[in-house]
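Given next are the chains, with one letter for each unit.
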Amino acid sequence: MGFLVSKRDPVIISGGGPVAMVLALALYREGVPFTMLEQLDEPFVDQRAASHHPPTISMLNELGLAEYMIAEGLKSPVYRFHDRVNHETIAEFDLGDLKDEVEFPYVLQYEQYKLVRKVIALFGHDPAFDVRFSHTVKNFEQFNDHILVNVQCSDGSIEKFRGSYLVGCDGGRSVVRKGAEINFVGFTYPEKFIKIGTYFDLTAHDNRIAIRNYFSHPDEWCNLFKVRGEPDKPDIWRFVVPMRVNETEEEAKSEQAMQARLKRFFERDQNYEIAYANVYTVSQRVADTFNKGRVLLAGDSAHVNNPIGGMGLNGGIHDAINLAKKLSAVWKGDSDPDLLNLYTRQRHKASTDFTQAQTIANKKQLEERDPIMRKKRLDEMRAISEDKEKAKAYMRRAQLIDSVATTAAIN
Ligand SMILES: Cc1cc2nc3c(=O)[nH]c(=O)nc-3n(C[C@H](O)[C@H](O)[C@H](O)COP(=O)(O)OP(=O)(O)OC[C@H]3O[C@@H](n4cnc5c(N)ncnc54)[C@H](O)[C@@H]3O)c2cc1C
(Lines give C-alpha, C1' and ligand atoms only; values in the text may rest on other atoms or scores of the structure.)
Protein backbone atom coordinates (compact mmCIF):
# COMPACT_ATOMS: atom_id res chain seq x y z
CA MET A 1 0.00 0.00 0.00
CA GLY A 2 1.17 3.55 -0.68
CA PHE A 3 1.77 5.75 2.31
CA LEU A 4 0.21 9.15 2.72
CA VAL A 5 0.59 11.17 5.87
CA SER A 6 -2.07 13.68 6.76
CA LYS A 7 -0.79 16.55 8.87
CA ARG A 8 -4.14 16.55 10.66
CA ASP A 9 -3.37 13.23 12.27
CA PRO A 10 -1.18 13.13 15.35
CA VAL A 11 1.21 10.35 16.25
CA ILE A 12 -0.54 8.08 18.76
CA ILE A 13 1.69 6.75 21.54
CA SER A 14 0.49 3.69 23.44
CA GLY A 15 1.86 3.76 27.01
CA GLY A 16 3.02 6.54 29.31
CA GLY A 17 6.25 5.14 30.73
CA PRO A 18 9.71 6.71 30.42
CA VAL A 19 10.27 5.81 26.75
CA ALA A 20 6.87 7.25 25.80
CA MET A 21 7.69 10.47 27.67
CA VAL A 22 11.05 10.90 25.94
CA LEU A 23 9.53 10.16 22.53
CA ALA A 24 6.69 12.62 23.20
CA LEU A 25 9.09 15.34 24.27
CA ALA A 26 11.30 14.79 21.21
CA LEU A 27 8.24 14.99 18.90
CA TYR A 28 7.01 18.08 20.76
CA ARG A 29 10.38 19.76 20.19
CA GLU A 30 10.03 18.92 16.47
CA GLY A 31 6.53 20.42 16.39
CA VAL A 32 4.86 17.08 15.58
CA PRO A 33 1.51 16.62 17.37
CA PHE A 34 0.98 13.49 19.45
CA THR A 35 -1.54 11.92 21.77
CA MET A 36 -0.17 9.69 24.52
CA LEU A 37 -2.51 7.06 25.99
CA GLU A 38 -1.63 5.51 29.35
CA GLN A 39 -3.79 2.84 30.92
CA LEU A 40 -3.02 3.82 34.54
CA ASP A 41 -4.80 6.67 36.34
CA GLU A 42 -1.52 8.41 37.15
CA PRO A 43 2.23 7.90 36.60
CA PHE A 44 3.41 4.64 38.14
CA VAL A 45 6.13 4.82 40.81
CA ASP A 46 8.23 2.26 38.95
CA GLN A 47 11.37 1.32 40.87
CA ARG A 48 13.04 -0.54 37.99
CA ALA A 49 15.56 1.57 36.06
CA ALA A 50 17.82 4.17 37.63
CA SER A 51 21.16 4.06 35.76
CA HIS A 52 21.58 6.43 32.80
CA HIS A 53 24.76 5.97 30.75
CA PRO A 54 26.77 8.85 29.21
CA PRO A 55 25.21 8.80 25.70
CA THR A 56 21.73 8.76 27.23
CA ILE A 57 22.51 11.76 29.44
CA SER A 58 23.70 13.63 26.33
CA MET A 59 20.46 12.80 24.50
CA LEU A 60 18.36 13.92 27.46
CA ASN A 61 20.49 17.05 27.69
CA GLU A 62 19.51 17.92 24.11
CA LEU A 63 15.89 17.72 25.24
CA GLY A 64 16.59 20.02 28.20
CA LEU A 65 16.10 17.34 30.87
CA ALA A 66 19.63 16.52 32.02
CA GLU A 67 20.11 19.60 34.21
CA TYR A 68 17.15 18.57 36.39
CA MET A 69 18.23 14.95 36.51
CA ILE A 70 21.80 15.86 37.47
CA ALA A 71 20.58 18.23 40.20
CA GLU A 72 18.29 15.58 41.69
CA GLY A 73 20.23 12.40 40.90
CA LEU A 74 23.54 10.84 41.92
CA LYS A 75 26.66 10.96 39.74
CA SER A 76 28.50 7.65 39.69
CA PRO A 77 31.79 7.81 37.76
CA VAL A 78 33.15 4.63 39.37
CA TYR A 79 31.76 1.10 39.47
CA ARG A 80 33.26 -2.03 41.00
CA PHE A 81 33.18 -5.79 40.58
CA HIS A 82 33.50 -7.84 43.76
CA ASP A 83 34.03 -11.54 44.37
CA ARG A 84 31.49 -12.40 47.02
CA VAL A 85 33.09 -15.77 47.72
CA ASN A 86 36.51 -14.38 48.69
CA HIS A 87 35.25 -10.96 49.83
CA GLU A 88 37.62 -9.33 47.38
CA THR A 89 37.23 -6.33 45.06
CA ILE A 90 38.24 -7.62 41.63
CA ALA A 91 37.97 -4.59 39.38
CA GLU A 92 37.20 -0.89 39.35
CA PHE A 93 36.17 1.12 36.28
CA ASP A 94 36.30 4.90 36.28
CA LEU A 95 34.32 6.73 33.60
CA GLY A 96 36.48 9.76 34.35
CA ASP A 97 39.01 8.01 32.08
CA LEU A 98 36.64 8.75 29.16
CA LYS A 99 36.34 12.45 29.98
CA ASP A 100 37.88 13.48 26.65
CA GLU A 101 35.39 11.34 24.72
CA VAL A 102 32.03 11.89 26.40
CA GLU A 103 30.17 14.97 27.56
CA PHE A 104 29.06 13.36 30.83
CA PRO A 105 31.78 10.99 32.16
CA TYR A 106 29.60 9.19 34.69
CA VAL A 107 26.49 7.10 35.09
CA LEU A 108 23.63 9.12 36.50
CA GLN A 109 21.43 7.40 39.06
CA TYR A 110 17.93 8.82 38.62
CA GLU A 111 14.88 6.62 38.99
CA GLN A 112 12.69 6.15 35.92
CA TYR A 113 9.50 7.30 37.65
CA LYS A 114 11.19 10.64 38.36
CA LEU A 115 11.92 11.06 34.65
CA VAL A 116 8.21 10.51 33.88
CA ARG A 117 7.16 12.91 36.63
CA LYS A 118 9.68 15.52 35.50
CA VAL A 119 8.49 15.56 31.89
CA ILE A 120 4.87 15.92 33.01
CA ALA A 121 5.76 18.65 35.52
CA LEU A 122 7.67 20.64 32.89
CA PHE A 123 5.39 20.21 29.87
CA GLY A 124 2.07 18.71 31.01
CA HIS A 125 0.44 22.15 31.35
CA ASP A 126 0.65 22.75 27.57
CA PRO A 127 -2.46 21.44 25.75
CA ALA A 128 -0.12 20.49 22.87
CA PHE A 129 1.57 18.03 25.25
CA ASP A 130 -1.40 15.70 25.03
CA VAL A 131 -1.10 12.99 27.70
CA ARG A 132 -4.22 11.06 28.68
CA PHE A 133 -4.27 8.75 31.68
CA SER A 134 -6.95 6.06 32.20
CA HIS A 135 -6.89 5.31 28.46
CA THR A 136 -6.14 1.70 27.54
CA VAL A 137 -5.21 0.83 23.96
CA LYS A 138 -7.19 -2.27 22.99
CA ASN A 139 -6.58 -2.75 19.26
CA PHE A 140 -6.23 -0.86 15.98
CA GLU A 141 -6.91 -0.93 12.25
CA GLN A 142 -4.45 0.28 9.63
CA PHE A 143 -5.58 2.21 6.54
CA ASN A 144 -3.82 3.63 3.51
CA ASP A 145 -3.44 7.10 5.00
CA HIS A 146 -4.11 6.71 8.73
CA ILE A 147 -4.50 4.31 11.64
CA LEU A 148 -7.55 3.99 13.92
CA VAL A 149 -6.87 3.05 17.52
CA ASN A 150 -9.62 1.68 19.77
CA VAL A 151 -9.15 2.88 23.31
CA GLN A 152 -11.01 1.97 26.48
CA CYS A 153 -11.72 4.94 28.75
CA SER A 154 -12.16 4.81 32.54
CA ASP A 155 -15.99 4.54 32.26
CA GLY A 156 -15.59 1.45 30.07
CA SER A 157 -16.58 3.20 26.84
CA ILE A 158 -14.51 2.72 23.67
CA GLU A 159 -13.20 5.84 21.96
CA LYS A 160 -11.56 5.84 18.52
CA PHE A 161 -8.36 7.84 18.00
CA ARG A 162 -7.24 8.58 14.46
CA GLY A 163 -3.50 8.89 13.99
CA SER A 164 -0.80 9.05 11.35
CA TYR A 165 1.25 6.37 13.13
CA LEU A 166 0.88 4.31 16.31
CA VAL A 167 3.99 3.85 18.44
CA GLY A 168 3.92 1.00 20.96
CA CYS A 169 5.74 2.24 24.06
CA ASP A 170 3.56 -0.07 26.09
CA GLY A 171 6.18 -2.31 27.65
CA GLY A 172 7.19 -5.96 27.35
CA ARG A 173 3.61 -7.23 27.00
CA SER A 174 2.84 -4.64 24.31
CA VAL A 175 -0.70 -4.78 22.91
CA VAL A 176 0.59 -2.89 19.87
CA ARG A 177 3.32 -5.45 19.12
CA LYS A 178 0.86 -8.33 19.53
CA GLY A 179 -1.81 -6.57 17.45
CA ALA A 180 0.70 -6.08 14.63
CA GLU A 181 1.63 -9.78 14.87
CA ILE A 182 5.31 -9.06 15.36
CA ASN A 183 7.26 -11.97 16.88
CA PHE A 184 9.13 -11.37 20.13
CA VAL A 185 12.05 -13.73 19.79
CA GLY A 186 14.14 -14.97 22.72
CA PHE A 187 13.76 -16.70 26.07
CA THR A 188 12.67 -16.20 29.68
CA TYR A 189 14.98 -17.11 32.58
CA PRO A 190 13.63 -19.85 34.87
CA GLU A 191 14.49 -17.87 38.01
CA LYS A 192 12.86 -14.55 38.89
CA PHE A 193 14.83 -11.61 40.27
CA ILE A 194 14.00 -9.73 43.46
CA LYS A 195 14.93 -6.14 44.12
CA ILE A 196 15.12 -5.06 47.76
CA GLY A 197 15.69 -1.42 48.70
CA THR A 198 17.07 -0.52 52.13
CA TYR A 199 17.79 2.81 53.80
CA PHE A 200 20.78 1.37 55.66
CA ASP A 201 23.98 3.18 54.59
CA LEU A 202 26.17 0.36 53.29
CA THR A 203 29.24 2.54 52.69
CA ALA A 204 29.40 3.06 56.45
CA HIS A 205 29.54 -0.73 56.72
CA ASP A 206 32.14 -1.40 54.01
CA ASN A 207 34.12 1.36 52.30
CA ARG A 208 34.84 -0.84 49.26
CA ILE A 209 31.26 -0.30 48.15
CA ALA A 210 30.86 2.20 45.29
CA ILE A 211 27.56 3.75 44.19
CA ARG A 212 27.31 0.94 41.56
CA ASN A 213 28.54 -2.60 42.31
CA TYR A 214 28.41 -6.09 40.84
CA PHE A 215 28.99 -9.16 43.02
CA SER A 216 29.96 -12.48 41.52
CA HIS A 217 28.71 -15.60 43.32
CA PRO A 218 27.82 -19.08 42.03
CA ASP A 219 24.49 -19.14 43.90
CA GLU A 220 23.59 -15.55 44.62
CA TRP A 221 25.16 -12.90 42.41
CA CYS A 222 24.06 -9.35 43.10
CA ASN A 223 23.76 -5.86 41.62
CA LEU A 224 23.99 -3.24 44.32
CA PHE A 225 23.23 0.40 43.49
CA LYS A 226 22.46 3.55 45.37
CA VAL A 227 19.64 5.93 44.45
CA ARG A 228 18.37 9.15 46.00
CA GLY A 229 14.81 7.96 46.69
CA GLU A 230 12.44 10.67 47.91
CA PRO A 231 13.83 14.06 49.04
CA ASP A 232 12.58 13.81 52.63
CA LYS A 233 14.03 10.32 53.15
CA PRO A 234 17.58 8.86 53.30
CA ASP A 235 19.20 7.51 50.13
CA ILE A 236 18.29 3.94 49.18
CA TRP A 237 20.56 0.98 48.41
CA ARG A 238 18.99 -1.44 45.97
CA PHE A 239 19.98 -5.10 45.91
CA VAL A 240 18.98 -7.10 42.82
CA VAL A 241 19.51 -10.84 43.33
CA PRO A 242 18.18 -14.05 41.74
CA MET A 243 15.44 -16.05 43.48
CA ARG A 244 15.48 -19.84 43.72
CA VAL A 245 13.74 -21.33 40.67
CA ASN A 246 10.70 -22.54 42.62
CA GLU A 247 10.59 -19.74 45.17
CA THR A 248 7.27 -17.89 45.15
CA GLU A 249 6.92 -14.11 45.25
CA GLU A 250 5.23 -14.41 48.64
CA GLU A 251 8.13 -16.43 50.05
CA ALA A 252 10.77 -14.09 48.63
CA LYS A 253 9.01 -10.97 49.91
CA SER A 254 8.48 -12.28 53.45
CA GLU A 255 10.29 -10.14 56.02
CA GLN A 256 12.32 -13.14 57.16
CA ALA A 257 13.52 -14.06 53.66
CA MET A 258 14.43 -10.47 52.79
CA GLN A 259 16.35 -9.94 56.04
CA ALA A 260 18.17 -13.24 55.49
CA ARG A 261 19.13 -12.20 51.95
CA LEU A 262 20.52 -8.85 53.06
CA LYS A 263 22.33 -10.29 56.08
CA ARG A 264 24.03 -12.91 53.92
CA PHE A 265 25.66 -9.95 52.17
CA PHE A 266 26.34 -7.67 55.10
CA GLU A 267 26.08 -9.40 58.47
CA ARG A 268 24.27 -7.26 61.00
CA ASP A 269 22.53 -7.93 64.34
CA GLN A 270 19.63 -5.54 63.77
CA ASN A 271 17.17 -5.87 60.94
CA TYR A 272 17.52 -3.72 57.83
CA GLU A 273 14.89 -1.04 57.27
CA ILE A 274 13.34 -2.04 53.95
CA ALA A 275 12.06 0.73 51.68
CA TYR A 276 10.46 -1.53 49.05
CA ALA A 277 10.75 -4.90 47.35
CA ASN A 278 9.66 -6.07 43.90
CA VAL A 279 9.84 -9.37 42.05
CA TYR A 280 10.47 -9.49 38.29
CA THR A 281 10.19 -12.12 35.58
CA VAL A 282 13.18 -11.54 33.33
CA SER A 283 13.53 -12.29 29.62
CA GLN A 284 15.89 -11.69 26.73
CA ARG A 285 13.74 -10.92 23.69
CA VAL A 286 13.86 -8.70 20.62
CA ALA A 287 10.97 -8.00 18.21
CA ASP A 288 11.51 -9.24 14.64
CA THR A 289 10.93 -5.72 13.35
CA PHE A 290 10.41 -2.34 15.02
CA ASN A 291 8.16 -1.03 12.20
CA LYS A 292 5.29 -2.60 10.30
CA GLY A 293 3.01 -0.39 8.23
CA ARG A 294 1.85 2.42 10.49
CA VAL A 295 2.96 0.62 13.64
CA LEU A 296 6.28 1.33 15.35
CA LEU A 297 7.80 -0.10 18.52
CA ALA A 298 10.17 1.54 21.01
CA GLY A 299 11.51 0.56 24.43
CA ASP A 300 10.47 -2.65 26.17
CA SER A 301 7.77 -3.32 23.57
CA ALA A 302 10.66 -3.85 21.11
CA HIS A 303 13.25 -5.49 23.37
CA VAL A 304 13.65 -6.76 26.92
CA ASN A 305 16.78 -7.90 28.72
CA ASN A 306 18.08 -8.68 32.19
CA PRO A 307 18.89 -5.60 34.29
CA ILE A 308 22.59 -6.45 34.87
CA GLY A 309 24.39 -3.47 33.39
CA GLY A 310 21.33 -1.18 33.39
CA MET A 311 20.69 -1.14 29.65
CA GLY A 312 16.97 -1.67 28.98
CA LEU A 313 15.70 1.85 29.51
CA ASN A 314 18.87 3.36 28.05
CA GLY A 315 18.24 1.41 24.85
CA GLY A 316 14.60 2.49 24.92
CA ILE A 317 15.59 6.15 25.19
CA HIS A 318 18.02 5.66 22.29
CA ASP A 319 15.10 4.19 20.29
CA ALA A 320 12.89 7.16 21.15
CA ILE A 321 15.47 9.75 20.09
CA ASN A 322 16.32 7.89 16.88
CA LEU A 323 12.66 7.35 16.01
CA ALA A 324 11.52 10.91 16.78
CA LYS A 325 13.95 12.36 14.21
CA LYS A 326 12.88 9.95 11.47
CA LEU A 327 9.17 10.05 12.25
CA SER A 328 9.23 13.87 12.29
CA ALA A 329 10.85 13.94 8.86
CA VAL A 330 8.26 11.51 7.50
CA TRP A 331 5.33 13.29 9.18
CA LYS A 332 6.44 16.66 7.76
CA GLY A 333 6.77 15.14 4.29
CA ASP A 334 10.53 15.74 4.21
CA SER A 335 11.34 12.03 3.93
CA ASP A 336 9.89 8.93 2.41
CA PRO A 337 8.31 6.49 4.95
CA ASP A 338 11.05 4.00 3.95
CA LEU A 339 13.19 5.95 6.42
CA LEU A 340 11.37 4.04 9.15
CA ASN A 341 12.99 0.82 7.89
CA LEU A 342 16.32 2.40 8.76
CA TYR A 343 15.02 2.90 12.30
CA THR A 344 14.53 -0.87 12.55
CA ARG A 345 17.90 -1.65 10.96
CA GLN A 346 19.76 0.61 13.36
CA ARG A 347 17.92 -0.08 16.58
CA HIS A 348 17.44 -3.82 16.00
CA LYS A 349 21.20 -4.18 15.64
CA ALA A 350 21.78 -2.06 18.76
CA SER A 351 19.48 -4.41 20.68
CA THR A 352 20.88 -7.71 19.47
CA ASP A 353 24.60 -6.99 19.05
CA PHE A 354 25.03 -4.73 22.05
CA THR A 355 22.31 -4.82 24.72
CA GLN A 356 21.37 -8.49 24.40
CA ALA A 357 24.95 -9.67 23.96
CA GLN A 358 26.27 -7.57 26.85
CA THR A 359 23.51 -8.33 29.36
CA ILE A 360 23.64 -12.08 28.67
CA ALA A 361 27.44 -11.98 29.11
CA ASN A 362 27.09 -9.91 32.30
CA LYS A 363 24.81 -12.50 33.87
CA LYS A 364 27.10 -15.39 32.89
CA GLN A 365 30.04 -13.50 34.33
CA LEU A 366 28.38 -13.03 37.72
CA GLU A 367 26.75 -16.45 38.11
CA GLU A 368 29.54 -18.74 36.83
CA ARG A 369 29.49 -21.97 38.85
CA ASP A 370 32.44 -23.89 37.43
CA PRO A 371 35.35 -22.96 39.77
CA ILE A 372 37.95 -23.00 36.96
CA MET A 373 35.82 -20.89 34.62
CA ARG A 374 34.89 -18.63 37.50
CA LYS A 375 38.51 -17.93 38.35
CA LYS A 376 39.28 -17.39 34.66
CA ARG A 377 36.44 -14.87 34.27
CA LEU A 378 37.40 -12.96 37.41
CA ASP A 379 41.09 -12.91 36.39
CA GLU A 380 40.09 -11.58 32.96
CA MET A 381 37.98 -8.85 34.52
CA ARG A 382 40.85 -7.85 36.81
CA ALA A 383 43.29 -7.79 33.88
CA ILE A 384 40.94 -5.60 31.80
CA SER A 385 40.52 -3.10 34.64
CA GLU A 386 44.30 -2.90 35.17
CA ASP A 387 45.04 -2.05 31.53
CA LYS A 388 43.94 1.56 30.79
CA GLU A 389 43.16 1.01 27.09
CA LYS A 390 41.34 -2.27 27.68
CA ALA A 391 39.38 -0.68 30.52
CA LYS A 392 38.32 2.19 28.26
CA ALA A 393 37.25 -0.26 25.54
CA TYR A 394 35.26 -2.22 28.14
CA MET A 395 33.48 0.93 29.35
CA ARG A 396 32.68 2.07 25.80
CA ARG A 397 30.82 -1.18 25.32
CA ALA A 398 29.27 -1.43 28.80
CA GLN A 399 28.06 2.18 28.74
CA LEU A 400 26.49 1.79 25.25
CA ILE A 401 28.89 4.29 23.67
CA ASP A 402 29.89 1.74 21.00
CA SER A 403 26.25 0.79 20.47
CA VAL A 404 25.26 4.36 19.59
CA ALA A 405 28.31 4.99 17.39
CA THR A 406 28.13 1.69 15.47
CA THR A 407 24.43 1.77 14.78
CA ALA A 408 24.46 5.44 13.72
CA ALA A 409 26.79 4.39 10.89
CA ILE A 410 24.23 1.92 9.48
CA ASN A 411 22.34 3.16 6.45
C1 LIG B 1 15.08 -4.71 38.48
C2 LIG B 1 15.21 -3.92 37.21
C3 LIG B 1 16.14 -2.89 37.16
C4 LIG B 1 16.32 -2.17 35.99
N5 LIG B 1 17.28 -1.20 35.96
C6 LIG B 1 17.54 -0.56 34.80
C7 LIG B 1 18.55 0.46 34.74
O8 LIG B 1 19.18 0.80 35.74
N9 LIG B 1 18.78 1.06 33.54
C10 LIG B 1 18.08 0.71 32.41
O11 LIG B 1 18.38 1.26 31.34
N12 LIG B 1 17.07 -0.19 32.46
C13 LIG B 1 16.78 -0.84 33.61
N14 LIG B 1 15.75 -1.73 33.67
C15 LIG B 1 14.83 -1.87 32.51
C16 LIG B 1 13.78 -0.74 32.49
O17 LIG B 1 13.04 -0.72 33.68
C18 LIG B 1 12.84 -0.89 31.29
O19 LIG B 1 13.63 -1.09 30.14
C20 LIG B 1 11.96 0.37 31.13
O21 LIG B 1 10.99 0.45 32.14
C22 LIG B 1 11.24 0.35 29.77
O23 LIG B 1 10.49 1.52 29.65
P24 LIG B 1 9.23 1.56 28.67
O25 LIG B 1 8.69 2.96 28.76
O26 LIG B 1 9.60 0.99 27.36
O27 LIG B 1 8.19 0.52 29.29
P28 LIG B 1 7.46 0.54 30.70
O29 LIG B 1 8.28 1.23 31.71
O30 LIG B 1 7.06 -0.87 30.96
O31 LIG B 1 6.16 1.43 30.46
C32 LIG B 1 5.08 0.95 29.68
C33 LIG B 1 3.85 1.78 30.01
O34 LIG B 1 2.80 1.40 29.12
C35 LIG B 1 1.59 1.29 29.83
N36 LIG B 1 0.73 0.37 29.07
C37 LIG B 1 0.89 -0.97 28.89
N38 LIG B 1 -0.09 -1.46 28.10
C39 LIG B 1 -0.89 -0.41 27.76
C40 LIG B 1 -2.06 -0.28 26.96
N41 LIG B 1 -2.61 -1.34 26.35
N42 LIG B 1 -2.62 0.95 26.83
C43 LIG B 1 -2.07 2.04 27.45
N44 LIG B 1 -0.96 1.96 28.23
C45 LIG B 1 -0.37 0.76 28.38
C46 LIG B 1 2.02 0.76 31.19
O47 LIG B 1 1.05 1.03 32.19
C48 LIG B 1 3.32 1.53 31.42
O49 LIG B 1 3.09 2.77 32.05
C50 LIG B 1 15.54 -2.47 34.84
C51 LIG B 1 14.58 -3.49 34.89
C52 LIG B 1 14.43 -4.22 36.06
C53 LIG B 1 13.42 -5.33 36.10
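It should be noted that the structure appears before, not after, this text.
Residues numbered from 1 in each chain as written. Predicted model: local features only at pLDDT ≥ 70, side-chain atom pairs only at ≥ 80, totals over all residues. Heavy atoms only, no water.

*Asks:* What exactly am I supposed to notice about the packing of helix α11 (residues 371-386) against helix α12 (residues 388-398) here?
*Replies:* Packed helices, taken two at a time, are described by their axes: the angle between them and the distance between them. Interaxial distance between α11 and α12 falls to 5 Å at its minimum, and their mutual angle equals 105°. Judged by the angle between their axes, α11 and α12 are roughly perpendicular. Residues M381, I384, S385 and E386 of α11 pack against K388, K390, A391 and Y394 of α12. Taken together, the residues that form the contact of α11 with α12 break down as four nonpolar, one polar and three charged. (Axes fitted to C-alpha atoms, helices over the stretch in contact; angles between N-to-C directions. Helix = DSSP H or I, 4+ residues; strand = E, 2+ residues; numbered from the N terminus. Parallel < 35°, antiparallel > 145°, perpendicular 65-115°, else oblique. Contact = heavy atoms within 4.5 Å. Nonpolar A, V, L, I, M, F, W, Y, C, P; charged D, E, K, R; others polar.)

*Asks:* So what exactly am I meant to see when it comes to the state of the cysteines here?
*Replies:* Here a disulfide denotes a covalent bond joining the sulfur atom of one cysteine to the sulfur atom of another. Per the stated rule, a full pass over the model turns up zero disulfides. Distance from the sulfur of C153, which forms no disulfide, to the nearest cysteine sulfur (C169) is 20 Å. Using a relative accessible area of 12% as the deciding quantity, one classes C153 as buried. You can call C169 buried: its relative accessible area is 9%. (Disulfide = S-S within 2.5 Å. Buried < 20%, exposed > 50% of the residue type's maximum accessible area, 1.4 Å probe, protein only.)

*Asks:* Help me out: how do you make sense of the site of the ligand in this one?
*Replies:* Residues in contact with the ligand amount to 31 residues; listed here are only the nearest, E38, Q112, D300, L313 and N314. Between the ligand and the protein, one listed contact pairs an oxygen atom with a backbone N or O atom of A50 at 3.1 Å. Protein coverage of the free-state accessible area of the ligand, which is 1000 Å², stands at 90%. Of all the secondary-structure elements, those providing two or more residues to the shell around the ligand are α1 (18-30), β9 (136-142) and α9 (312-331). Counting residues per element, the shell around the ligand draws most heavily on α9, which supplies three residues. Within the shell around the ligand, the residues separate by chemical class into 13 nonpolar, 14 polar and four charged. (Near = heavy atom within 4 Å. Polar contact = N/O pair within 3.5 Å; in protein donor to acceptor, adjacent residues only side chain to side chain. Areas by Shrake-Rupley, 256 points an atom, 1.4 Å probe, with all protein chains shown as cover.)

*Asks:* Teacher, can you tell me more about the sheet that holds strand β14 (residues 193-198) here?
*Replies:* Ordered by their spatial adjacency, seven strands build an open sheet running β6-β5-β15-β16-β17-β14-β18, and the pairing between neighbours is mixed. Each edge of the open sheet is held by one strand with a lone partner, namely β6 (88-94) and β18 (274-280). Here the strands of the sheet are splayed against their neighbours by 15° on average, with no regard to which way each runs. With respect to the sheet, helix α10 (residues 339-367) is in contact with β5 (78-83), β14, β15 (212-216) and β16 (222-227), its orientation differing from that of β15 by roughly 55°. (Pairing = 2+ DSSP bridges.)

*Asks:* I tried to follow α1 on my own but got confused; where do I start?
*Replies:* Residues that lie three or four places apart on an α-helix share one face, since the helix turns once every 3.6 residues. With 13 residues, α1 should cover 18 Å at 1.5 Å per step; its first-to-last C-alpha distance of 19 Å lies within 8% of that length. One or two residues past the end of α1 sits G31, with phi positive at roughly 80°. (Expected span 1.5 Å × (residues − 1).)

*Asks:* I tried to follow the pairing of β15 on my own but got confused; where do I start?
*Replies:* Sheet faces and side chains relate simply in a regular strand, where the side chains alternate between the two faces. Within β15, five of the five residues are buried, which leaves it mostly tucked inside the rest of the structure. Where burial is concerned, the two faces of β15 agree: the one with R212, Y214 and S216 and the one with N213 and F215 are both buried. Looking at chain direction, β5 and β15 are connected through five bridges and run parallel. Residue pairing across strands places H82 opposite F215, the latter belonging to β15. Bridging between β15 and β16 involves four bridges; their strand directions are antiparallel. Following the sheet pairing, F215 is matched in β16 by C222.

*Asks:* Could you clarify how one ought to interpret the pattern of salt bridges in this entry?
*Replies:* Pairing between side chains of opposite charge can happen when their charged atoms approach one another. The full count for this structure, using the stated rule, is 32 salt bridges. Salt-bridge contacts for R374 lead to D83; the nearest nitrogen and oxygen are separated by 2.7 Å. With R374 in helix α11 and D83 in strand β5, this residue pair connects regions lying 291 residues apart in the sequence. Residue R374 shares its accessibility class with D83, and that shared class is buried. Its salt-bridge partner being D235, residue R228 comes within 3.0 Å of it at the nearest N-O pair. Looking at D235, the relative accessible area reads 21%, which means it is partly exposed. (Salt bridge = Lys/Arg side-chain N within 4 Å of Asp/Glu carboxyl O.)

*Asks:* When you look at helix α8 (residues 255-265) in this model, what are you seeing that I'm missing?
*Replies:* When α8 is considered as a whole, its buried residues turn out to be A257, M258, Q259, R261, L262, K263 and F265. On its buried side, α8 packs onto β14, β15, β16, β17 (236-242), α7 (249-252) and β18.

*Asks:* Honestly, the packing of α1 against α9 in this entry has me stumped. Any pointers?
*Replies:* Two elements in contact, α1 and α9, have axes whose closest approach is 9 Å; the angle formed by their N-to-C orientations is 25°. Judged on the interaxial angle alone, α9 and α1 are roughly parallel. The hand of the α1/α9 crossing is right-handed. Seen from α1, the contacting residues are P18, V19, V22, L23, A26, L27 and E30; seen from α9, they are L313, G316, I317, A320, I321, L323, A324 and S328. (Left-handed = near helix turned anticlockwise from the far one by under 90°.)

*Asks:* I keep staring at the sheet that holds strand β7 (residues 107-109) and nothing clicks. Help me out?
*Replies:* Pairing between the strands of a sheet is mediated by backbone hydrogen bonds and can be parallel or antiparallel. Taken together, three strands build an open sheet; the order of strands is β3-β7-β4 and the sheet is antiparallel. Strands at the two margins of the open sheet, each flanked by one partner only, are β3 (51-52) and β4 (74-76). Taken together, the three bridges between β4 and β7 define a ladder with antiparallel strand orientation. Note that in β7 the partner of S76 across the bridge is V107.

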